[in-house]
Amino acid sequence: MQVPAGAIRSAVRQSTSAFSRWASCQHHQQHRLHARATASVTPANKAFMPIQSTRWYSSHAHKADEAIKNARNIGIIAHIDAGKTTTTERMLHYAGFTRRIGDVDSGDTIMDYMKQERERGITITSAAITFGWKDHRINLIDTPGHVDFTIEVERSIRVLDGAVTILDAVAGVEAQTETVWQQAARHGIPRIAFVNKMDRAGAGFGRTVREMRTRLGCRPVVVQIPLMESLQGSNDTQFNGVVDVLTMEVLRWDSNSKGANMIRSPLDSNYADQEVYQEAVKARIALVEQLSALDENIIELFLTLEDHMAIEAKDLQAAIRRLTLSSTIVPVLCGASFRNIGVQPLMDSVVDYLPSPEERPAALGRMSDGKAVEIGNGGPKERLCALAFKVVHDARRGPMVFVRVYAGQLNERAQLWNSSTHTKERANKLLQMYAMDVEEIPHITKGNIGVVLGLKDTRTGDTLLDGHDPRKGLALSGIKVPSPVFFASIEPMSSSDEKPVEEAIKALIREDPSLGMRVDEETGQTLLGGMGELHLEVAKERLVSDFKVKAEMGRMRISFKETMRGAGVVSEVPAWEYDREILGKRGRARVGVTVERLERFDDQEDERVPESDSSSSKAEVDKKGKKGQADAAIHMGPEEYDGNEIIVSLSEQSPSTDEAGTLAAAEKAAATGTVIPSGSTDLPIPVLRTSIKNGILSALSRGPLLGYAQTHLKVSLTDLHLYGGESTPAAISSCVAAAVTEAIRLGGNPSTGDTDSNSVLLEPIMDVRVEVAEKDVGTVIGDISGTRRGRVLSLGQDDDSAAQQEEDETEFQLYAPPDSTYTGPGSASSSSSSSADAVGTMSDRRSIRAQVPLSSMLGYDAALRALTGGTGKFAMEVIGYGEMDFDRQRDLIKEMRGG
């Protein structure tokens, strides 16, 4: 049957018309629902009405890209179980992203979406989400609080502009709170503090503020105080809201709306509870005094008005913002997220006090010649520069690379250049993340965070540039990756499972760089390294559940390291000849190296710093001709890898072929440290450098005692002789590796080849923070310094914090409301004694800081509970490696070798 020519067009026109009428009806229906909802909202809570859209990009697609000044890249950081995820779930609900509030205990939260997270009720991996609040775009990352997953906090803070630190009002400043605070301080991240769980017995807002001053060393500025009211017919009190010190208002939340509706009421001299009013006045006066000491605008206003209460809230807010952006102060708020109290003002503070991307200092990158370059100040025409800070494996989508764009714009299908690995990449798709859900977007603009699909070689800490950018060597500073301190064997169930297990482990390490893998050459076992027992346990579960491989994990062991015995020892191999035939092809080279034992024992975290020049392949360099070769031949200064220093300085001068030139090259190398290659070669300088470096790293990856990685060594190249086409990159690397291995074996003592006496084992040293009651201090210190071979550094406040506090005392007077202020009449009665006792117990707690070998801390959790009757808590992190005594080393070697 033949269809009339105009029939199809007519049918399409009718369908389009019908769809338009349906869409119009839907639009008007949504408009009526929105108007009805708006009409029911009072002016007091209108600002906190949830928005209707749950997807930021799609709901703003009809607009131009939001101004960068309205963007906030923030993170939630805290000690474990302080309420990070609970607070984040409320933020999402009040912003209109979710219709119901997720509960951690029920395992139905948006942010903790992994199976392992929901089973354990803790955050394991950082989750990113984007939502809108008061015409601002908020890119939020919820981070873990467990010390085993500190890499998640480190790489998240690296790309954030601000942070919300959540503190438990009962526990106060805890050990991991100090750790994440220091991580944020190291990156200069402005912070605001939220004292959570104010509804619990023993909550102490004032005590927590004082601990922030003494233990965190910051200047806490109280902008809210808790509202505690007496229960009817009882002497007990209940936390019912907060007092806004800036606006002098009382804020309460409607429990029937699950905290969505907030009620503001003025706080003045006519307020029923005069104790609340009087304390609010004290807080307002203290706030003005603190700001006056630090901000010139406020002191001018105060001198003009001569009244603390007359200064307007907007002026105080502007001053708080200025001082917060400079990290001079930390605004402190309070609430109870589980009871839906105080979350909306916290979201307002994120908008009001934390910086936009353009208010942060420009990111610094380095060119291939070591020159520092500011990124992001070149205006709209500046080329793309982004940092990959996280990689997630997805079974369906493949590797999902999280990036922060610092300059330019990252477009879909764009060709990229990875300046860290010197490889080309292509952004096949761009995604906006909503925890485990995604939305496809056409581009990621400057200052924002998104996900790129299709990147094959990009890892955590890599720099991504425009594929046509001539600055091929430009790289942003990397992300610090801690070395694994525990390891366990991973055994495939059968020989057919070996390859899938190996590939799964590599994908897992790409996702979590704090994991590590090596193969024991003696046993052939695959060893997986991690930061702790929980870390390795989660990794094993993910291998089985996410990657679907069949494997078993062996007993967990400590990951030691090796180095040469004796600080300052220098071992030299002036000439090491390599001459071997492999598969019918001869490889030949000669090198000289020196290996020196470094004396320092500081934090040896591995930071993937950008290389000092391009290590492009030979093919790419050959295309540039002689000019490209000369440009690539530049000096390589010391590079640090896992606590080792590598110095390879090759001259641009062509290799010397005669004996006189060889002697001159040796003399120059001795005088300046710059090596002029002798002999002949067609290899360009970058390829030589890369081959030499790979050989050094290969030698350092396995020590002579038990095969552990080596550290605290400085390796320098002193001579290089090449034999034309026989000196291949593989031959050079093998020659260098053998020479370095021999130098380490000699250990500066050529008269003996006894490896056990020339090398020493290093064990991880932990920075341990223990919180105990005053009565248990002596018992715990005795256990640490005696049984566990530890060294106690301080009790309570350390000297540096005390000195800093004394210096600031003249310009900053701390205000912290007394925790008994709002207990109501009759608080001293027996009915409220439990709460008072709880507060007293917390205030009598002491913090012990010590350095203890990790091997002595195994099982310490149970031991501490026994010593303190279950009241003690501790946290620890690796700070470096310490030398093991000879007797313990001998016993360990005997145990590991089975002798």
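These numbers come from a predicted model, not from an experiment. (Residues numbered from 1 in each chain as written. Predicted model: local features only at pLDDT ≥ 70, side-chain atom pairs only at ≥ 80, totals over all residues. Heavy atoms only, no water.)

1. Concerning the overall build of the protein
For step 1, the next point in the chain: Within the protein, the regular secondary structure consists of 23 helices and 42 strands.
For step 2, the next point in the chain: Looking at the protein as a whole, 53% of its 899 residues are labelled buried.
For step 3, the next point in the chain: Put simply, of all contacts in the protein between residues at least 6 apart along the chain, 74% involve residues at least 24 apart.
For step 4, the next point in the chain: When the accessible surface of the protein is split by element, carbon and sulfur atoms take 50% of a total near 39000 Å². (Helix = DSSP H or I, 4+ residues; strand = E, 2+ residues; numbered from the N terminus. Buried < 20%, exposed > 50% of the residue type's maximum accessible area, 1.4 Å probe, protein only. Contact = heavy atoms within 4.5 Å. Areas by Shrake-Rupley, 256 points an atom, 1.4 Å probe, with all protein chains shown as cover.)

2. Section: the packing of aromatic side chains
For step 1, the next point in the chain: Inspection of every chain in the model, using the stated rule, returns 5 aromatic pairs.
For step 2, the next point in the chain: Each ring, one from Phe97 and one from Tyr434, has its centre 5.6 Å from the other, and the planes form 25 degrees; the classification is stacked. Linking Phe97 in the loop between α3 (84-94) and α4 (115-120) with Tyr434 in strand β19 (residues 429-434), this pair joins segments that are 337 residues apart in sequence.
For step 3, the next point in the chain: You can call Phe97 buried: its relative accessible area is 11%.
For step 4, the next point in the chain: Judged by centre distance (5.1 Å) and plane angle (85 degrees), the ring pair of Tyr860 and Phe874 falls under edge-to-face. Pair noted here: Tyr860 is in helix α22 (residues 860-868) and Phe874 is in strand β42 (residues 873-883), with a separation of 14 residues, a long-range link.
For step 5, the next point in the chain: Here a set of aromatic residues connected by ring pairs shows up, and it is made of Phe487, Phe560 and Tyr708.
For step 6, the next point in the chain: When the ring centre of Trp181 is taken as reference, the NZ or CZ atom of Arg191 above it lies at 4.4 Å.
For step 7, the next point in the chain: When the ring centre of Tyr406 is taken as origin, the NZ or CZ atom of Arg404, which lies over that ring, is 4.7 Å away. (Phe/Tyr/Trp six-rings, centres within 6.5 Å; stacked < 30°, edge-to-face > 60°. Lys NZ or Arg CZ within 6 Å of the ring centre and 35° of its normal.)

3. Let's talk about helix α12 (residues 498-511)
One turn of the α-helix equals 3.6 residues, which is why residues spaced by three or four share an orientation.
For step 1, the next point in the chain: Helix length check: α12, at 14 residues, gives a terminal C-alpha distance of 20 Å against a target of 20 Å (1.5 Å per residue), a fit within 8%.
For step 2, the next point in the chain: Residues of α12 that are buried: Val501, Ala504, Ile505, Leu508, Arg510 and Glu511. (Expected span 1.5 Å × (residues − 1).)

4. Some remarks on the pattern of salt bridges
For step 1, the next point in the chain: Within this structure, the stated rule accounts for 42 salt bridges.
For step 2, the next point in the chain: Glu502 is the salt-bridge partner of Lys506, the closest N and O atoms lying 3.4 Å from each other. With Lys506 and Glu502 both in helix α12, this residue pair falls 4 residues apart, about one helical turn.
For step 3, the next point in the chain: By relative accessible area, Lys506 is classed as partly exposed at 49%.
For step 4, the next point in the chain: On the accessibility criterion, Glu502 (38% relative accessible area) is partly exposed.
For step 5, the next point in the chain: With its nearest N and O atoms 2.8 Å apart, the salt bridge here joins Asp546 to Arg542.
For step 6, the next point in the chain: For Asp546, a relative accessible area of 33% puts it in the partly exposed group.
For step 7, the next point in the chain: The exposure class assigned to Arg542 is buried, which follows from its relative accessible area of 10%.
For step 8, the next point in the chain: Shared partners join several salt bridges into a network, and the residues in it are Glu178, Arg215, Asp767, Arg769, Glu771, Arg849 and Glu877. (Salt bridge = Lys/Arg side-chain N within 4 Å of Asp/Glu carboxyl O.)

5. Details of the sheet that holds strand β24 (residues 475-476)
For step 1, the next point in the chain: As summarised here, the arrangement of the 3 strands in space is β13-β12-β24, forming an open sheet in which the pairing is antiparallel. Each edge of the open sheet is held by one strand with a lone partner, namely β13 (372-375) and β24. (Pairing = 2+ DSSP bridges.)

6. A word on the pairing of strand β20 (residues 437-441)
For step 1, the next point in the chain: Taken together, the 5 bridges between β19 and β20 define a ladder with antiparallel strand orientation. Note that in β20 the partner of Gln432 across the bridge is Glu439.

7. Regarding the environment of Pro331
For step 1, the next point in the chain: Relative to the assigned elements, Pro331 resides in strand β11 (residues 330-334).
For step 2, the next point in the chain: Taking C-alpha positions, Pro331 is 6.0 Å from Val222, a pair spaced 109 residues apart along the chain.
For step 3, the next point in the chain: Setting aside its immediate chain neighbours within four residues, Pro331 contacts Arg191, Ile192, Ala193, Val221, Val223, Ile320, Thr324 and Tyr353.

8. Considerations on the environment of Ser678
For step 1, the next point in the chain: Assignment of secondary structure puts Ser678 in strand β37 (residues 678-680).
For step 2, the next point in the chain: C-alpha separation for the pair Ser678 and Tyr723, spaced 45 residues apart in sequence, amounts to 8.8 Å.

9. Topic: the packing of helix α5 (residues 150-159) against helix α6 (residues 175-186)
For step 1, the next point in the chain: In contact at an axis separation of 10 Å, α5 and α6 are set at 25 degrees when each is read in the N-to-C sense. Considered as vectors, α5 and α6 are oriented roughly parallel to each other. Once α5 is placed against α6, the crossing between them reads as right-handed. For the pair formed by α5 and α6, the contact residues are Thr150, Val153, Glu154 and Ile157 on the first element and Val180, Gln183, Ala184 and Arg186 on the second.
For step 2, the next point in the chain: Classifying every residue of the contact of α5 with α6 gives 4 nonpolar, 2 polar and 2 charged. (Axes fitted to C-alpha atoms, helices over the stretch in contact; angles between N-to-C directions. Parallel < 35°, antiparallel > 145°, perpendicular 65-115°, else oblique. Left-handed = near helix turned anticlockwise from the far one by under 90°. Nonpolar A, V, L, I, M, F, W, Y, C, P; charged D, E, K, R; others polar.)

10. Notes on the side chain of Thr177
For step 1, the next point in the chain: Following the sequence through the fold, Thr177 ends up in helix α6.
For step 2, the next point in the chain: By relative accessible area, Thr177 is classed as buried at 1%.
For step 3, the next point in the chain: Once residues lying within four places of it in the same chain are set aside, the contact partners of Thr177 are His79, Thr165, Leu167 and Leu216.

11. Structural notes on the sheet that holds strand β7 (residues 224-230)
For step 1, the next point in the chain: Within the open sheet, the 4 strands sit side by side as β7-β8-β9-β10. Their pairing is antiparallel. The strands lining the two open edges of the sheet, one partner per strand, are β7 and β10 (262-266). Going across the sheet, the axis of each strand differs from the next one's by a mean of 35 degrees, ignoring polarity.
For step 2, the next point in the chain: Pairing geometry for strand β9 (residues 249-253) and β10, over 5 bridges, is antiparallel. Note that in β10 the partner of Glu249 across the bridge is Pro266.
For step 3, the next point in the chain: Against the sheet, helix α8 (residues 274-294) touches β7 and β8 (237-244), its axis set at about 170 degrees to β7.

12. Description of the confidence of the model for the protein
For step 1, the next point in the chain: Counting all residues, the mean pLDDT for the protein is 80, and 80% of those residues have values of 70 or more.
For step 2, the next point in the chain: This model gives residues 1-54 a pLDDT under 50, and the stretch forms 34 contacts once residues within four places in sequence are excluded.
For step 3, the next point in the chain: A low-confidence stretch, residues 798-803 (pLDDT under 50), is modelled with 3 contacts involving residues beyond four sequence positions or located in other chains. (pLDDT = per-residue confidence, 0-100.)

13. Description of unusual backbone geometry
For step 1, the next point in the chain: A positive phi angle, close to 70 degrees, is found at Asp81, a residue other than glycine.
For step 2, the next point in the chain: Positionally, Asp81 belongs in the loop between β1 (71-78) and α3.
For step 3, the next point in the chain: Of note, the phi angle at Glu306 is positive, near 55 degrees, even though the residue is not glycine.
For step 4, the next point in the chain: Residue Glu306 is classed as exposed on the basis of its relative accessible area, which comes to 65%.

14. Overview of the nonpolar core
For step 1, the next point in the chain: In this structure, Val164 and Met212 are the most contacted members of the largest nonpolar core, which totals 88 residues.
For step 2, the next point in the chain: Here this core gets 9 residues from one element, more than from any other, and that element is α8.
For step 3, the next point in the chain: With sequence-adjacent residues up to four places away left out, Met212 is seen in contact with Leu167, Val173, Trp181, Ala193, Gly217, Cys218, Pro220, Val330 and Val332.
For step 4, the next point in the chain: Residues Leu706, Met876, Leu892 and Ile893 belong to the second largest nonpolar core, which totals 47 residues. (Core = buried A, V, L, I, M, F, W, Y, C linked by side-chain atoms within 4.5 Å.)

15. Topic: the environment of Asp520
For step 1, the next point in the chain: Within the secondary structure, Asp520 sits in the loop between β27 (516-519) and β28 (526-530).
For step 2, the next point in the chain: Sequence separation of Asp520 and Tyr708 is 188 residues, and the distance between their C-alpha atoms is 9.3 Å.
For step 3, the next point in the chain: Setting aside anything within four residues of it in sequence, one finds Asp520 in contact with Gln525 and Leu527.

16. Considering the pairing of strand β33 (residues 585-597)
For step 1, the next point in the chain: Direction of pairing for strand β32 (residues 570-582) relative to β33: antiparallel, over a ladder of 11 bridges. Within β33, the position partnered with Asp579 by the bridge is Arg588.
For step 2, the next point in the chain: The pairing of β33 with strand β38 (residues 713-723) spans 9 bridges and is classified as antiparallel. Within the sheet, the bridge partner assigned to Arg590 lies in β38 and is His721.

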